[in-house]
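# Structural characterization, general
Take a look at the letters that make up each chain.
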Amino acid sequence: MEWQSRRPQNAPVPLPPHVPMVRLAAFAPVASRSLLLFGCPAELVLVPGRKARGDTADAARPAFRRSPAPRIVAEEALWRGEGFVITPNRFPFGRGQQLLWPEAGGREPDATFWLATNTWADAAGGSVLHNTVGAAASIARAHVHLLAERLPFLAGLAEAPVGSDLITVPLGATLVRKLAPFCLLGVRGSPAARAAGLAALAEARLTAACNVVVQDGTAWLFPRREETPAPHFPQALGAAEVWGRWCYVDERDFAAATASDLEQALVRAGMPVID
């Protein structure tokens, strides 16, 4: 494309705001209900079709298996440009859900990837979710979920500035934390400032696993100490749950869940508070 040769160095890749919805799997939960977690609204959805996902986190998952990512990127592309690929998600947990991959591979997103996705979130008015292995990812290759909706849970949690000297905060960024009984750090600012902040926090992070949620001008990072916080939540807790949507595959677990269960799941899964 002609625009590729004229894009300034370090400018974000202009991802398409949305691909045609007809090419995406529909998000169609069997049932849903709402709870207040730490005083903020969260949604529980029953999506039994997600049982069919491969390599989900459980005791039977092996240490190694050939990655399906190269095949997905090669065969299922909806859009491709400047080293990025968008594919559909066969097992969606949100509206208009797409997957974005770096074509070159890699295990964690870099600053260029974060710049593209943060820019997309602002332009599309959507949300970006990222899981690592050990934090609900079933594929180790770096990828994010692009969703055409936002949820109210994170916005409802009170917050405060971060007092600890964790990173050199990028120009134009603000580092904040949620006033919750677990560590949830946010980088607020322009897409470039958020991307630089996420890259800096990745260097400073001492946990192997984490989740990231980008929404409403802030990138939230949830470092992990436990992947499946049973009995409070019987599955691997991922960025969807941090975002405010708790995805169940079994009806009995879905019906039995309480606000106390899910609050304790976040505490068990997350790391202690940083001031």
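The sections below set out a description of the structure shown in this document.

Calculation notes
Residues numbered from 1 in each chain as written. Predicted model: local features only at pLDDT ≥ 70, side-chain atom pairs only at ≥ 80, totals over all residues. Heavy atoms only, no water. Pairing = 2+ DSSP bridges. Helix = DSSP H or I, 4+ residues; strand = E, 2+ residues; numbered from the N terminus. Axes fitted to C-alpha atoms, helices over the stretch in contact; angles between N-to-C directions. Core = buried A, V, L, I, M, F, W, Y, C linked by side-chain atoms within 4.5 Å. Buried < 20%, exposed > 50% of the residue type's maximum accessible area, 1.4 Å probe, protein only. Contact = heavy atoms within 4.5 Å. Expected span 1.5 Å × (residues − 1). Polar contact = N/O pair within 3.5 Å; in protein donor to acceptor, adjacent residues only side chain to side chain.

## Focus: the sheet that holds strand β3 (residues 79-81)
- Read across the open sheet, the 10 strands follow the order β3-β4-β5-β7-β6-β11-β12-β10-β9-β8; overall the sheet is antiparallel. With partners counted over all chains shown, the strands left at the sheet margins are β3 and β8 (159-161), one partner each. Each strand of the sheet is rotated relative to its neighbour by a mean of 25°, with strand direction disregarded.
- Note that strand β6 (residues 127-131) and strand β11 (residues 210-215) share four bridges and pair antiparallel. Considered in β11, the bridge of L129 is made with V213.

## Some remarks on the nonpolar core
- Ranked by internal contacts, the top residues of the largest apolar core, which has 38 residues, are L237, W246, Y248 and L262.
- Sorting the residues of this core by element identifies β1 (31-37), β2 (40-46), α4 (153-156), β12 (218-223), α6 (239-243), β13 (245-248) and α8 (259-269) as the ones contributing at least two each.
- With five residues, β2 is the largest single contributor of residues to this core.
- Contact partners of Y248, with chain neighbours within four places excluded, come to L44, V45, L46, V47, P48, F233, P234, Q235, D253, F254, A257 and L262.
- Formed by 33 residues, the second largest nonpolar core is a distinct cluster that contains W114, V162, A173 and A219.

## Description of helix α3 (residues 111-124)
- The end-to-end C-alpha separation of α3 is 20 Å, in line with the 20 Å expected for 14 residues at 1.5 Å each.
- Between the side-chain oxygen of the N-cap and the backbone nitrogen of T112 there are 3.2 Å, and the N-cap of α3 in question is D110.
- Count one or two residues on from α3 and you reach G125, which has phi positive near 65°.

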